[in-house]
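As a plain string of letters, each chain reads:
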Amino acid sequence: VMGNLIKVLGKDLENCPHFFLDFENAQPTEAETAVWNQVSAVLEEAHGILAELQSYNGAGQEIREAIQNPNDLQLQEKAWNAVCPLVAKLKRFYEFSLRLENALRSLLEALTSPPYAPMQHLEREQALAKQFAEILHFTLSFDELKMTNPAIQNDFSYYRRTISRNRLNNQQLDAENEVNNEMANRMSLFYAEATPMLKTLSNATTKFVSENKTLPIEDTTDCLSTMACVCRVMLETPEYRCRFTNTDTMLFCMRVMVGVIILYDHVHPVGAFAKTSKIDMKGCIKVLKEQPSNSVEGLLNALRYTTRHLNDDSTSKQIRAMLQ
């Protein structure tokens, strides 16, 4: 069967695509190879980025001491030397977000190009669909770590204050470590976001839609809603679930489902929660709530706090209640 797909027999009640998207083993076909290689190079870096962010401890202690003893030059220097390598890391994370944005655009182009419908693309180009899923998985993981780490913004704002103070005093700073002003402004905007990677992706998707005038916005949002649907069906259907060989695949599937919902909600004019939305929000939330709460609390919070349309009047009371 093409791409290891199993069509489910029986009447498709809610018009939702039923096929197994092989998140574990999908391999690129020849047609996918060029885009796959480009995205692969970016995804290979993603693991390292997450590991670095996970071990990011910040320079809180050194910064406090420097602020409390403004005349002790040794403490000022100690804080500066602690903050510089951290800012270099933050700059790497930010630059990675730009590469991720390019990778996402290439995938969107491939997965929405005529003559195929989004459903056919996802079915035919499983390796690209899997990479798209991996980008979303990375994005939610990155943002979850960033949200729970206040050191990032403290370190960066200390760095900026020190630089502007030293510019006034004309002290020579180590030029190699220094992030120039324009870069610092861009990084500032990035880290000011609660979920910076998600914001990067939703901006990139919105931009992709507005630049491709010939491509109806539906082609892009249908790609997202189809993916949400496929993930939900895989999570709900025992015959699919038992085909996951790796225990992490369940969580991967849930993260991807939530990621595409949030992206859809940011890009689609009426969002994911309205009655006209092509995503079965009740079904998706229900699937999450059936899991052990420690593994899904972060995902439910992402739906509560990083979507755009949850509190719109068009969102049913029932869906709001489910997310209370």
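Quick caveat: nothing in here was measured; it's all calculated off a predicted structure.

Enquirer: Which parts of the structure should I look at to understand the overall build of the protein?
Expert: Assigned secondary structure in the protein consists of 14 helices and zero strands. Listing every helix and strand of the protein by position from the N terminus yields α-α-α-α-α-α-α-α-α-α-α-α-α-α. Going through the 324 residues of the protein one by one, you find that 51% of them count as buried. The long-range fraction of contacts in the protein, counting pairs at least 24 apart against all pairs at least 6 apart in sequence, stands at 76%. Total accessible area computed for the protein in this model is approximately 16,100 Å², and 51% of it derives from carbon and sulfur atoms.

Enquirer: Would you mind going over helix H3 (residues 73-112) with me for this structure?
Expert: Every α-helix winds through 3.6 residues per turn, so residues three or four apart in the chain are directed the same way. Relative to the 58 Å expected for 40 residues at 1.5 Å per residue, H3 spans 58 Å between its end C-alpha atoms, a close match to the ideal helical length. The distance from a side-chain oxygen at the start of H3 to the backbone nitrogen of Gln74 is 3.0 Å, and the residue carrying that oxygen is Asp72.

Enquirer: In this structure, what is going on with the nonpolar core? I would like to understand it.
Expert: Proteins that are soluble and globular tend to have nonpolar side chains buried together. Core analysis: the largest hydrophobic core is formed by 101 residues, its most contacted members being Phe132, Phe138, Tyr159, Ile261 and Leu288. The dominant element in this core, judged by the number of residues it contributes, is H3, at 18 residues.

Enquirer: I keep staring at the side chain of Thr315 and nothing clicks. Help me out?
Expert: Locating Thr315 in the fold gives a position in the loop between helix H13 (293-305) and helix H14 (317-322). Residues in contact with Thr315, not counting those within four places in the same chain, are Phe273, His309, Leu310 and Arg320.

Enquirer: I'm lost on the packing of aromatic side chains in this one. Help?
Expert: Both the distance between ring centres and the angle between the ring planes are used here to describe each pair of aromatic rings. The full count for this structure, using the stated rule, is eight aromatic pairs. Note on Phe190 and Tyr191: the rings are 4.9 Å apart at their centroids and 80° apart in plane angle, and the pair reads as edge-to-face. Exposure class is identical for Phe190 and Tyr191. Each is buried. One aromatic cluster in this structure is built from Trp80, Tyr94, Phe156, Tyr159, Phe190 and Tyr191.

Enquirer: Would you explain the pattern of salt bridges in this entry?
Expert: Here the idea is simple: oppositely charged side chains can pair when their charged atoms come close. In total, this model carries eleven salt bridges according to the counting rule given. Here Arg304 ties to Glu297 by a salt bridge, and the two come within 3.0 Å at their closest N and O atoms. Judged by relative accessible area, Arg304 falls into the buried class, the value being 16%. Salt bridges linked by common partners bring Arg232, Glu236 and Asp280 together as one network.

Enquirer: I would appreciate a short explanation of the packing of H3 against helix H8 (residues 196-211) in the present structure.
Expert: Pairs of packed helices are described in terms of their axes, by the angle between the two and the distance that separates them. The geometry of H3 relative to H8 is characterised by a closest axis approach of 9 Å and an angle of 40° between their N-to-C directions. As far as their axial angle goes, H8 and H3 are oblique. Between H3 and H8 lies a crossing of right-handed hand. Listed contacts from H8 to Phe93, Phe96, Ser97, Leu100, Glu101, Leu104, Arg105, Leu108, Glu109 and Thr112 of H3 are Met197, Thr200, Leu201, Ala204, Thr205, Lys207, Phe208 and Glu211.

Enquirer: Looking at this structure, I do not really get the packing of helix H5 (residues 126-147) against H8. What am I missing?
Expert: The contact between H5 and H8 brings their axes to 7 Å, and the two run at 140°. Considering the angle they form, H5 stands oblique to H8. Side by side, H5 and H8 meet where Ile135, Leu136, Phe138, Thr139, Phe142, Asp143 and Lys146 of the first sit next to Pro196, Met197, Leu198 and Leu201 of the second. Of the residues belonging to the contact of H5 with H8, the class tally is eight nonpolar, one polar and two charged.

Enquirer: Before we go on, may I ask you to explain the environment of Gln61 in this structure?
Expert: You can see Gln61 is positioned in helix H2 (residues 60-68). The class of Gln61 is partly exposed, set by a relative accessible area of 46%. C-alpha of Gln61 to C-alpha of Ala82: the two residues are 21 residues apart in sequence and 9.8 Å apart in space.

Enquirer: What is the right way to look at the environment of Phe156 in this model?
Expert: Residue position: Phe156 is located in helix H6 (residues 151-168). Among the residues examined, Phe156 registers a relative accessible area of 4% and is labelled buried.

Enquirer: Just checking my understanding: could you explain the environment of Cys229 for this structure?
Expert: Of note, Cys229 is situated in helix H9 (residues 217-236). With 28 residues separating them along the chain, Cys229 and Met257 place their C-alpha atoms 7.7 Å apart.

Enquirer: Help me understand the state of the cysteines in this model?
Expert: Two cysteines whose sulfur atoms are joined by a covalent bond form what is called a disulfide. For the structure on display, the rule yields zero disulfides. Free cysteine Cys231: the closest other cysteine sulfur is in Cys253, separated by 4.2 Å. Looking at Cys231, the relative accessible area reads 0%, which means it is buried.

Calculation rules
Residues numbered from 1 in each chain as written. Predicted model: local features only at pLDDT ≥ 70, side-chain atom pairs only at ≥ 80, totals over all residues. Heavy atoms only, no water. Helix = DSSP H or I, 4+ residues; strand = E, 2+ residues; numbered from the N terminus. Buried < 20%, exposed > 50% of the residue type's maximum accessible area, 1.4 Å probe, protein only. Contact = heavy atoms within 4.5 Å. Areas by Shrake-Rupley, 256 points an atom, 1.4 Å probe, with all protein chains shown as cover. Expected span 1.5 Å × (residues − 1). Polar contact = N/O pair within 3.5 Å; in protein donor to acceptor, adjacent residues only side chain to side chain. Core = buried A, V, L, I, M, F, W, Y, C linked by side-chain atoms within 4.5 Å. Phe/Tyr/Trp six-rings, centres within 6.5 Å; stacked < 30°, edge-to-face > 60°. Salt bridge = Lys/Arg side-chain N within 4 Å of Asp/Glu carboxyl O. Axes fitted to C-alpha atoms, helices over the stretch in contact; angles between N-to-C directions. Parallel < 35°, antiparallel > 145°, perpendicular 65-115°, else oblique. Left-handed = near helix turned anticlockwise from the far one by under 90°. Nonpolar A, V, L, I, M, F, W, Y, C, P; charged D, E, K, R; others polar. Disulfide = S-S within 2.5 Å.

In short, shape yes, function no, at least from these values alone.
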